[in-house]
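The primary structure of each chain is shown beneath.
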Amino acid sequence: MKPRKPKRPAPSALRRHWSLASDVVFLNHGSFGACPKPVLELQTELRQKMEATPVQFLWRNYEALLGPARAAVAKFVGARPRDLVFTTNATAGVNAVVRSLKLRRGDALLTTNLDYNACRNVLVESARRAGAQVQLARVPFPLRRSDQILDAIMEAVTPQTRLAMIDHVSSHSALVFPIAEIVRALAARGIETLVDGAHAPGMLPLNLGKLRPTYYTGNLHKWVCAPKGAGFLWVREEKQSHIHPAVISHGHNTPRPGYTAFQDRFDWAGTFDPTAWFCAGAAIEWMGRLLSGGWSAVRENNHRLVVKARRLLCRRLDLEAPCPESMLGAMATLPLPERFQSRSRSGKIETEQLDLYDEFGIEVPLLRFGQPERRWFRISAQVYNTKQEYEYLAEAIDCVS
Ligand SMILES: Cc1ncc(COP(=O)(O)O)c(C=O)c1O
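The rules behind these values
- Residues numbered from 1 in each chain as written.
- Predicted model: local features only at pLDDT ≥ 70, side-chain atom pairs only at ≥ 80, totals over all residues.
- Heavy atoms only, no water.
- Salt bridge = Lys/Arg side-chain N within 4 Å of Asp/Glu carboxyl O.
- Helix = DSSP H or I, 4+ residues; strand = E, 2+ residues; numbered from the N terminus.
- Buried < 20%, exposed > 50% of the residue type's maximum accessible area, 1.4 Å probe, protein only.
- Near = heavy atom within 4 Å.
- Polar contact = N/O pair within 3.5 Å; in protein donor to acceptor, adjacent residues only side chain to side chain.
- Areas by Shrake-Rupley, 256 points an atom, 1.4 Å probe, with all protein chains shown as cover.
- 1 Å grid on protein atoms, 1.4 Å probe; cavity = no way out; pocket = protein on both sides within 12 Å on 5 of 7 lines; lining within 4 Å.
- Sits in = over half its atoms within 2 Å of the grid points.
- Contact = heavy atoms within 4.5 Å.
- Pairing = 2+ DSSP bridges.
- Axes fitted to C-alpha atoms, helices over the stretch in contact; angles between N-to-C directions.

Colleague: Describe the pattern of salt bridges, naming the residues involved and giving the relevant values.
Modeller: By the definition in use, this model includes 27 salt bridges. Residue Arg256 pairs with Asp264 through a salt bridge whose shortest N-O separation is 2.7 Å. Arg375 is the partner of Glu352 in a salt bridge, and the nearest nitrogen-oxygen pair spans 2.8 Å. Of this pair, Glu352 sits in helix H15 (residues 351-360) while Arg375 is found in strand S12 (residues 374-380), placing the two residues 23 residues apart along the sequence. Of the two residues examined, Glu352 and Arg375, each falls in the buried class. Put simply, Arg343, Arg345, Glu350, Glu352, Arg368, Glu373 and Arg375 are held in one network by salt bridges that share partners.

Colleague: How would you explain the site of the ligand if you had to name every residue and give the values?
Modeller: Close to the ligand lie 13 residues, the nearest being Thr91, Asp196, His199, Asn219 and Lys222. Interatomic distance of 2.6 Å between a side-chain N/O atom of Asp196 and a nitrogen atom of the ligand. Between the ligand and the protein, one listed contact pairs an oxygen atom with a side-chain N or O atom of His199 at 2.9 Å. For the ligand, the protein covers 89% of the area, taking 400 Å² as the surface of the free molecule. More than half of the atoms of the ligand fall within 2 Å of the grid points belonging to the largest pocket.

Colleague: Break down the side chain of Thr333 for me, with residues and values.
Modeller: Here Thr333 shows up in strand S9 (residues 331-335). A distance of 2.6 Å separates a polar atom in the side chain of Thr333 from the backbone oxygen of His172. In this structure, Thr333 is in contact with Phe141, His172, Ser173, Ala174, Pro322, Phe369, Trp376, Phe377 and Arg378, ignoring residues within four places of it in sequence.

Colleague: Hey, could you go over the sheet that holds strand S3 (residues 108-112) for me, with residue numbers and the actual values?
Modeller: Taken together, seven strands build an open sheet; the order of strands is S2-S8-S7-S6-S5-S3-S4 and the sheet is mixed. With partners counted over all chains shown, the strands left at the sheet margins are strand S2 (84-87) and strand S4 (133-137), one partner each. Within the sheet, the average angular offset between the axes of one strand and its neighbour, ignoring direction, is 20°. Relative to strand S8 (residues 231-235), S2 runs antiparallel, the two being bridged by four bridges. Bridging from a neighbouring strand, Val85 pairs with Leu233 of S8. Of the strands in this sheet, S2, S3, strand S5 (161-167), strand S6 (192-197), strand S7 (215-219) and S8 are in contact with helix H5 (residues 90-100), which crosses S7 at around 160°.

None of this, on its own, says anything about what the molecule does.
In structure tokens:
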């Protein structure tokens, strides 16, 4: 007999600060983030100023608006402002670094099987052009210990490895990588590390001055809740002279007093809407005031909630958790129940994902990966989510045929 259709839970009190549709249970903060209303209101104000006085805003006052935003982001990630530039997203950060490398035939770029497809493509295309190769470290998933990640990466290293692109938090598998140990071990072998931190800022505490990879790129529009189009790239000082943005513009030959050449190159990529960058500091500040306890309370809240949600889903759907709780940040990936596993994909979006959205109003990503391929779903936990929403998800999955 088909289970009775569950009742949609009431939204949390904090949800009123977000513009999320009231008829959607939003369990996918991880894909594109969600920006709170006060930050969006600031962005609207800034856009009005930009349209009222375009030249004043985009040219004469540009640095005055960019500077405080950069300083706030740098402080938040434990960096010096001079080592940090804004990008529109982590994909742009990866492109800037990898496409700036002077690769030679025979060189190798290392990544893992759990990396993000868009970023892997940058390695593949750059390697192809140079006659270099891409090496794949095979991280097991499910896994029991974080040193299985470190071991898989180090086993894949060869004397040809020039750079390793390593996720701080992986996308489909939602694992927090032991990034400090990985950076240290690769540096000891003379290999540059590009950390893909797309999910890390706002989910995990960051201190780039201490971590000191060669390069680190992150998003602010995911877990910092800045408007979309806000990312950053941090580069070790001694490597900055070689790194160019994917889009070359005025800063290539036009220095500004008081700025590094690295900043000159990245601060302007042609006419665009920089208001997402200008709002990054406000997002950090607003989210940091939301819970007593500041940002560490936000991170702790989200981690605890995802742990609780994962336990609940495992119990309710009889699932086995694929990694220890200590490897979770604010997302978790679980296998879909066995009855879904042998179904093949029929279109761009999985049928059951459409059912969950159309019939139950649940936004949750369904994924396929691994060898042999298995089917998974990934949950996110942000301050506006509640335990009842994951209970509802469990009931809805039970109802999906
Ligand atoms: C690990 C990882 N890298 C890179 C990205 C790309 O982020 P963006 O599309 O904002 O550039 C994502 C997006 O989810 C990701 O999960």
